[in-house]
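# Structure at a glance
One-letter residues, chain by chain:
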Amino acid sequence: FVVISFENVSKKYRDGTVAVDGIDFTVNKGEFFVLIGPSGSGKTTTLKMMNRLIPISDGTIYIDGKKISEYNIHELRWNIGYVLQQIALFPHMTIEENIAIVPELKQWNKGKIHERVTELLDMVGLDPDVFRTRKPSELSGGEQQRVGVVRALAADPDIILMDEPFSALDPISRDKLQEDIIHLQKTIKKTIVFVTHDMKEAIKLADRICLMNEGKIVQLGTPNEIISNP
Ligand code: ADP
Ligand code: ADP
């Protein structure tokens, strides 16, 4: 069933830039949905509106059938994990503390948090005994990005938004993380909305691809449909 629904959604920034111009689409539960398009086409803006990081100018977004404006903001953010393009781990905190931010806010007990961190680090091939107590500066870029990804999963959100999470990585780390994400998606069956400008990456990851240009949706379909209708 439908988890995310955009109805005639637009975003006009204060300086008059129309970043998103009346878009409609739906994302189904458990779907890997990829937003693709050239730089400036409105992908990041579309993503940021979903968890109210920026306000909508016009139209309506529904999550699980409820208007996002009607959610308590914490409820909405906790239910939607967000992975940024730039690695955004807190440098003064250990890897465990970084991953535990949302579970702490949700007041999980220490034992449950410890167990969850172990499980998440295992999931992306980082030995918990080694990495739990390290600081972000003691990790490679690819390792930090893995932590960024599992941090977004920590409190078990239903939806995960990812904004070019692998673009800063070398090709080998990127390939490995793409495989991890495909594996994660298959095992935990989360709804993922993933922004990229790389068509190869989109085809590899997506159930459906939404192609944007100048704030509008120009094509939406399965990777096969997109390839056969260039
Ligand atoms: P993409 O993610 O596809 O690169 P963005 O959503 O970041 O595109 O940007 C879409 C358009 O909105 C671009 O023209 C960009 O310059 C503009 N834009 C993004 N953020 C702002 C902002 N805070 N104020 C004004 N214009 C913005
Ligand atoms: P990214 O795509 O790397 O996430 P964004 O497009 O979100 O980057 O831009 C990073 C910051 O710069 C955001 O705070 C965004 O609102 C702002 N920004 C982006 N484009 C513009 C613009 N054209 N004018 C003003 N602010 C902008």
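Small disclaimer: the values here were computed from a predicted structure and weren't measured. (Residues numbered from 1 in each chain as written. Chains lettered and ligands numbered in written order. Predicted model: local features only at pLDDT ≥ 70, side-chain atom pairs only at ≥ 80, totals over all residues. Heavy atoms only, no water.)

## So, the overall build of the protein chain
Here is the rule: Where helices and strands are cited, they refer to DSSP runs of H or I of at least four residues and of E of at least two residues respectively, numbered from the N terminus. Both definitions apply: the radius of gyration is a C-alpha atom measure, and the globule rule equals 2.2 Å times residues to the power 0.38. Think of it in three bands: residues with accessible area under 20% of the maximum for their type are buried, residues over 50% are exposed, and the middle band is partly exposed, with areas taken using a 1.4 Å probe on protein chains only. Residue contacts are defined here by distance: any two heavy atoms, one from each residue, within 4.5 Å place the two residues in contact. To be clear on the numbers: accessible area is Shrake-Rupley with a 1.4 Å probe, and residue cover counts the displayed protein chains and nothing else. Note on charges: Lys and Arg go in the positive column, Asp and Glu in the negative column, and His and the chain ends are not counted at all. By convention, the charge on Lys lies at NZ, on Arg at CZ, on Asp at CG and on Glu at CD.
Counting its regular elements, the protein chain contains 10 helices and 10 strands. Taking 17 Å as the expected radius of gyration for a compact globule of 230 residues, we find that the protein chain reaches 18 Å, a close match to that expectation. Overall, the protein chain is about 50 × 40 × 35 Å in size when its C-alpha atoms are taken along their principal axes. For the protein chain, the residues scored as buried account for 48% of the 230 residues in total. Long-range pairs, those at least 24 residues apart, make up 67% of the contacts in the protein chain between residues at least 6 apart in sequence. For the protein chain, the computed accessible surface area is about 11300 Å², with 50% contributed by carbon and sulfur atoms. Between the centroid of the 28 positive side chains of the protein chain and the centroid of its 32 negative side chains there is a distance of 3 Å.

## Quick word on the sheet that holds strand β2 (residues 18–28)
Keep this limit in mind: Any two strands with at least two DSSP-identified bridges between them are counted as paired.
One open sheet holds the 4 strands; their spatial order is β2-β1-β4-β5, and the pairing between them is antiparallel. Among the strands making up the open sheet, the edge pair consists of β2 and β5 (66–67). Two elements, strand β1 (residues 2–12) and β2, share 7 bridges in a ladder whose sense is antiparallel. By the bridge assignment, F6 is partnered in β2 with F25.

## What to know about the pairing of strand β10 (residues 216–221)
Judged from the 5 bridges that link them, strand β9 (residues 208–213) and β10 form a sheet pairing that is antiparallel. Directly across from M212, in β10, lies its bridge partner I217. Turn length for the β9-β10 hairpin, with the two strands adjacent in sequence and antiparallel, is 2 residues, and the turn residue E214 shows positive phi of about 45°.

## Notes on the site of ligand 1
Filter applied, for reference: Throughout, the term near means that a residue has one or more heavy atoms lying within 4 Å of the molecule or strand in question. Throughout this entry, Asp, Glu, Lys and Arg are counted as charged residues, while Ala, Val, Leu, Ile, Met, Phe, Trp, Tyr, Cys and Pro are counted as nonpolar. The remaining residues, Gly among them, count as polar.
All residues adjacent to ligand 1 are Y13, D15, T17, A19, P38, S39, G40, S41, G42, K43, T44 and T45. Considered on its own, ligand 1 offers 560 Å² of accessible surface; in the complex 61% of this is hidden by protein. Per element, the largest residue contribution to the shell around ligand 1 is 3 residues, and it comes from helix α1 (residues 43–50). Its residues assigned to classes, the shell around ligand 1 comprises 3 nonpolar, 7 polar and 2 charged.

## With respect to unusual backbone geometry
Of note in the backbone geometry, R52 takes a positive phi value of approximately 60° without being a glycine. Relative to the helices and strands, R52 resides in the loop between α1 and β4 (58–63). Residue class for R52 comes out partly exposed when judged on its relative accessible area of 30%. A positive phi is found at E164, a non-glycine position, where the angle reads about 40°. Mapped onto the secondary structure, E164 falls in the loop between β7 (159–163) and α8 (171–188).

## Focus: the environment of L120
Among the structural elements, L120 can be located in helix α5 (residues 110–123). Judged by relative accessible area, which is 0%, L120 ranks as buried. It is 8.6 Å that separates the C-alpha atoms of L120 and V147, two residues lying 27 residues apart in sequence. In this structure, L120 is in contact with I99, V150, L153 and A154, ignoring residues within four places of it in sequence.

## What about the packing of aromatic side chains?
Selection criterion: Only centres within 6.5 Å qualify two rings of Phe, Tyr or Trp (six-membered ring in Trp) as a pair; their planes then separate them into stacked at under 30 degrees, edge-to-face at over 60, and tilted for everything else. Criterion for a charge above a ring: Lys NZ or Arg CZ within 6 Å of the ring centre, and within 35 degrees of the ring normal.
What the rule picks out here adds up to 4 aromatic pairs. Centre to centre, the rings of F6 and F25 are 4.4 Å apart; their planes meet at 20°, and the pair counts as stacked. Note that F6 is positioned in strand β1 and F25 in strand β2, a separation of 19 residues in sequence. Assessed through its relative accessible area of 2%, F6 is described here as buried. Between F166 and F194, the ring centres sit 5.7 Å apart and the planes meet at 55°, which makes this aromatic pair tilted. In this pair, F166 sits in the loop between β7 and α8 while F194 sits in strand β8 (residues 191–196), placing the two residues 28 residues apart along the sequence. There is no split in this pair, since F166 and F194 are both buried. Ring pairs connect the aromatic residues F6, F25 and F33, which therefore count as one cluster. The ring of F131 carries R134 above its face, with NZ or CZ at 4.8 Å from the centroid.

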